[in-house]
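Notes for the structure review
Given next are the chains, with one letter for each unit.
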Amino acid sequence: NRYMKVTQKNIDDLNLTVTLNIEQGDYSDKQKKILNDYRRKADIKGFRKGMAPMSLIEKMHGRSAMLDAVNNLISEGLNNYISENKLNILGEPLPNETEQKQVDWDNDTEFEFVFDLALAPKVELQLSKDDKIPYYEVEISKEEKEKYAGNIKKQFGQLGVADKIEE
């Protein structure tokens, strides 16, 4: 299974560009899967639900399925490249404004995407016995604990169907 070509160009110690070259073979399977999903859900007049011919689905949704497939590949490719190369980046990868070529979504089958990445500088701390780090004992009130627990319940709680109500 072929996978897109990813290249890196270092600008300086903290900046680099990553180029993703995506060919039709890279996204065609994902595009087919997305189109099959559209077909299953399609409710088109004159056809039973999910039974519209694939050619009609491709005509209606081919471009958007290709966009989705390519976007998924870009996201997946960048994330994998960053984690495989253990890049400690600052912020998010940003599209490069100078090297990025214009994309013709209607006619191109091969695409090149260029992203700028900013690397976090390496910081090395040299501590000696003379360095002192203050340590604070903090008293947390019962109200603060309850407020914190309440916030967590609001953030992560779920509504669900229950058989009986308990404490």
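Look above for the structure.
If you're wondering where the values come from, they're calculated on a predicted model, not measured in any experiment.

Looking now at helix H1 (residues 24-41). An ideal rise of 1.5 Å per residue puts 26 Å on 18 residues; H1 measures up with 25 Å between its terminal C-alpha atoms. Every buried residue of H1 is accounted for by Asp 26, Tyr 27, Gln 31, Ile 34 and Leu 35.

As a rule of thumb, nonpolar side chains are buried together in soluble globular proteins. In terms of nonpolar packing, the biggest core is built from 27 residues, with Ile 22, Tyr 27, Val 70 and Ile 74 touching the most fellow members. Contributing elements (two or more residues each) for this core: strand E2 (15-22), H1, helix H2 (54-84) and strand E4 (111-119). Of all the elements, H2 adds the most residues to this core, at 10 residues. When neighbours within four sequence positions are excluded, Ile 22 is seen to be in contact with Met 4, Tyr 27, Val 70, Leu 73, Ile 74, Thr 109, Glu 110, Phe 111 and Phe 113.

Counted at 1.5 Å a residue, the expected span for helix H3 (residues 142-156) with its 15 residues is 21 Å, and the 21 Å between its end C-alpha atoms agrees. Sparse coverage of H3 is indicated by the burial of 0 of its 15 residues.

Attention now goes to the side chain of Asp 26. Among the structural elements, Asp 26 can be located in helix H1. On the accessibility criterion, Asp 26 (8% relative accessible area) is buried. Polar side-chain contacts of Asp 26 include one of 2.8 Å to the backbone nitrogen of Glu 23.

What counts, and at which threshold
- Residues numbered from 1 in each chain as written.
- Predicted model: local features only at pLDDT ≥ 70, side-chain atom pairs only at ≥ 80, totals over all residues.
- Heavy atoms only, no water.
- Helix = DSSP H or I, 4+ residues; strand = E, 2+ residues; numbered from the N terminus.
- Expected span 1.5 Å × (residues − 1).
- Buried < 20%, exposed > 50% of the residue type's maximum accessible area, 1.4 Å probe, protein only.
- Core = buried A, V, L, I, M, F, W, Y, C linked by side-chain atoms within 4.5 Å.
- Contact = heavy atoms within 4.5 Å.
- Polar contact = N/O pair within 3.5 Å; in protein donor to acceptor, adjacent residues only side chain to side chain.

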